[in-house]
Amino acid sequence: MKPLNIRDVAKKAGVSVATVSRVLNHPDQVTEKTRNHILEVMKEMSYTPNWFARGLNLNKTGLIALMIPNIVNPIYTEIAKGVEEIAHSKGYSTFLCNTEDSEKKESDYIEMLIHRKVDGLIFIGGHLGQEMMKRIERDQLPSVMIGSIQGEWNFSQVYSDFFEGARKATLHLIENGIIKVAHITGDLDFIENQEKLKGYKAAMENAGLKIKDKWIISGDDTIEGGYLAAKRLIRAQNSPDAIFIANDWMAFGAMDAIKTEGLNIPRDIAIVGFDNNRMSALVDPKLTTVNLPAYKMGLTACRLLFDEIESDLEEKTSIYLPVTLKIRQSCGLSNGIKTIFGE
Amino acid sequence: MRLKTEFMGLSLKNPILVAAGPWSRTPEMILKSLDAGASAVVTETIAMEVRQNVRPWLYYKNGGYENTRLYSDHALEQWIQFIKQIKKSGGPVIASVMAHSPSEMAYISKSVCKAGADAIELGVSIPHGESIAVMGSNPEYLYNSIKRVTQTVDIPIMVKFSPHVTNIPEIAKIVEDAGASAISAIDTVRSILGVDLENRRPLLQTYGGLSGPPIKPIGLATVASIAQSVEVDVCGIGGIETYEDVLEYMMLGASAVQVGSGILSQGVGVIDEILKDLEKWLSGKNLLINDVVGSAIKSLKPMDDIEILPYKAMLSGACAAEMCTRCIEGCIASAISVENGYVRIDPEKCIGCGLCVSKCKSGCIELSWRL
């Protein structure tokens, strides 16, 4: 049987082809009564629009892409949740590109997105090569960057403040009398982890505290890396009394290591993580951490992207979403009003 | 006609607005308030991120309502449709907006403005679920947020104030300097409405925001302080349930008011009732509503300017003690006693505080002095 087309619907509904087309593409321009009638007819006939033809017609594919470096990292899952929610509410599908920080995958995906004519792209600043970003700019693909990077780029962006988060986390430990604070870093190839290291150092230096080189140690952004880094810190001479850890994932590993060494969190070693991963409220003791509003960043980035897709405005928007300290138990300072209201 | 007024550049048919709150969470509810006579409605607070609300989140005790609800449970996209729908029905709508940074505040404001909102109320005083110090108590943050919004949109901006700010004149001045057109006061007051003694836990599981008649005196003082400090319009909020409440706020400098928990007490019918009574009161005195605005402020005096007169409590007639002894129990000077079944006030002991006058139900005590 020949597939149904828009003409069949128009005939059955007793309206013009243009009216059916408007119901599909600009439903707000059709009266509610007519719209409901036509939708009802479509349902009766089991008609579904040909999205490919529709894309050609409107010069829109109804597809946006989200390019993230690591699908396993819960921060990117949260961002994806926010992006997908807005895209879905706009009737769009989201094409997920997981690059694993591989230049090859990045360039493959960018070519694919441009050839497939996606309507827009959301990517993570600092995790996409400069050549790739130039390619996007050149192609005038509506794009929004999550995070902030050096240089003059003409993208709308949503960013937070990793430096400030790390400074707050470290300061929280210092303000409560801990002098020996170590830092397990993430992969220092990436700007967010460099910023966290700077924030840690700034808090220590402002408090007039010594930073020992051996107290700054990489945890490789993984649970296993966090575990090993914590073991090394504990077993070293002059071991720290607290550790600020650059993400919650590594913090979970570190907590495991501290427990297997027979030490108590927070009595022997206090811990503060980063991200406010959903799991951080479930581990024992509950993890004190820095809340990075990742889900909200996804929502916001996608809203900015649709502002660009839906209008021809050249104007770019930057939105800053602050980090906050989420005080729970692992820092050892959980009693009191700060657990309810934060700092 | 007596009720027609101008508020932050908007021409309103009367000074009664409906406040941001759960009674303004859908277009249907907002239109219901407009139908009931409100001149404009403030939406429930719109934020970038919808957060799940705990249950229960509303508790009533001693005339006050404690609320732990966090903002609207509808997304920004949904509110854009809602505002369009309300505007189609012709109603003036003010979007309540909350955010965590100036750029975020400006973005949401721009979105609701494009949807057709007539004005925006910025929420900077939420007492629960946010920080210990309300956002509005940080002058730099407050200035930057408002400035960013007033530079982004061209509709009037009202900033919602809280009593959780110590230096109200300073903060009000910042709001004015940043280009806002009005200040509304007060937001709810951080509260714990009571403790369940048997189970030893607060009635609601966290701190909440108190509204209703118990906060009215705090609202009145805040409104007067703002009106005495800045030129921008003031909108009174807090415990308004009758036309007298409206007049009190307006005489202390508010040029409009918002009804909120009055709706929880009496339904939207409270609006119509207030309007009728207000009209009646004004016509009885042959006044327009604008005539009363600020009319009581000049009677607020510095301590030094208040005449010190040798007032004593005196009975205006015989009062049988068997009816009530409220005056006797409360007298800190032990000046009131019962003699032969009648209330007696000892002028030697009375120190003229006036408490018995306001406590007396039958109005038989007055403060006066004799030459």
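Residues numbered from 1 in each chain as written. Chains lettered and ligands numbered in written order. Predicted model: local features only at pLDDT ≥ 70, side-chain atom pairs only at ≥ 80, totals over all residues. Heavy atoms only, no water.

(A) Quick look at the interface of chain B and chain A. With 21 residues of chain B at the contact, the number on the chain A side is 21 residues. Across the chain B to chain A interface the summed buried area is about 1,700 Å²; carbon plus sulfur atoms make up 58%. Joining chain B to chain A, the criterion identifies two salt bridges. Linking chain B with chain A are seven residue pairs in polar contact (both at pLDDT 80 or more), by the criterion used here. Breaking the side of chain B that touches chain A down by element, the ones donating at least two residues are α2 (76-88) and α3 (102-115) of chain B. Ranked by the residues each element gives to the side of chain B that touches chain A, the list is headed by α3(B), at four residues. Considering only residue class, the side of chain B that touches chain A consists of seven nonpolar, seven polar and seven charged. (Contact = heavy atoms within 4.5 Å. Buried area = accessible area lost by both parts, 1.4 Å probe. Salt bridge = Lys/Arg side-chain N within 4 Å of Asp/Glu carboxyl O. Polar contact = N/O pair within 3.5 Å; in protein donor to acceptor, adjacent residues only side chain to side chain. Helix = DSSP H or I, 4+ residues; strand = E, 2+ residues; numbered from the N terminus. Nonpolar A, V, L, I, M, F, W, Y, C, P; charged D, E, K, R; others polar.)

(B) Layout of the confidence of the model for chain B. This prediction gives chain B a mean pLDDT of 95; 100% of its residues lie at or above 70. Per the prediction output, this complex has pTM 0.91; the corresponding ipTM is 0.90. (pLDDT = per-residue confidence, 0-100.)

(C) The pairing of strand β16 (residues 256-259) of chain B, seen in detail. Residues and elements named next belong to chain B. What you see with β16 is no split at all: Ala256 and Gln258 on one side and Val257 and Val259 on the other are buried throughout. As judged from the three bridges shared by strand β3 (residues 16-18) and β16, these two strands associate in the parallel manner. Its bridge partner lying in β16, valine 18 is registered against valine 259. Direction of pairing for strand β15 (residues 233-237) relative to β16: parallel, over a ladder of three bridges. Across the sheet, cysteine 235 pairs through a bridge with alanine 256, a residue of β16. (Buried < 20%, exposed > 50% of the residue type's maximum accessible area, 1.4 Å probe, protein only. Pairing = 2+ DSSP bridges.)

(D) Region of interest: the pattern of salt bridges. Residue and element names in this part refer to chain B. Following the criterion strictly, the structure yields 26 salt bridges over all chains and no others. Ionic pairing is found between aspartate 118 and lysine 87, a salt bridge with its closest N-O pair at 2.8 Å. Taken together, the positions of aspartate 118 in the loop between α3 and β8 (119-123) and lysine 87 in helix α2 put the pair 31 residues apart, joining distant regions of the chain. In this structure lysine 87 comes out as partly exposed when scored by relative accessible area, which is 28%. Across the pair aspartate 177 and lysine 173 runs a salt bridge whose closest N-O atoms are separated by 3.0 Å. Linking aspartate 177 with lysine 173, this pair stays in helix α5 (residues 168-177), spanning four residues, or about one helical turn. Taking relative accessible area as the criterion, lysine 173 reaches 38% and is therefore assigned partly exposed. One network of salt bridges, in which partners are shared, links Arg25, Glu44, Arg69 and Asp73.

(E) Region of interest: the nonpolar core. Among the nonpolar cores identified, the biggest contains 157 residues, and A:Ile184, B:Val159 and B:Phe161 are the most heavily contacted of them. Counting residues per element, this core draws most heavily on helix α12 (residues 294-310) of chain A, which supplies ten residues. (Core = buried A, V, L, I, M, F, W, Y, C linked by side-chain atoms within 4.5 Å.)

(F) Region of interest: a nonpolar patch on the surface. Residue and element names in this part refer to chain A. A surface patch of nonpolar side chains, about 250 Å² in accessible area, is lined by Ile71, Val72 and Leu96. Along the chain, isoleucine 71 falls in the loop between β1 (63-68) and α5 (74-89). Residue classification places isoleucine 71 among the partly exposed positions, given a relative accessible area of 41%. (Patch = residues over 30% accessible without salt bridge, like charges linked within 9 Å, V, L, I, M, F, W, Y side chains within 5 Å. Areas by Shrake-Rupley, 256 points an atom, 1.4 Å probe, with all protein chains shown as cover.)

(G) Just the environment of B:Tyr59, in detail. All names here are of chain B. One can find tyrosine 59 in strand β5 (residues 58-61). Assessed through its relative accessible area of 31%, tyrosine 59 is described here as partly exposed. A sequence separation of 168 residues divides tyrosine 59 from alanine 227, and the C-alpha atoms of the two residues are 32 Å apart. Once residues within four sequence positions are removed from consideration, tyrosine 59 is found in contact with Gly64, Tyr65, Glu66, Leu193, Leu203 and Leu204.

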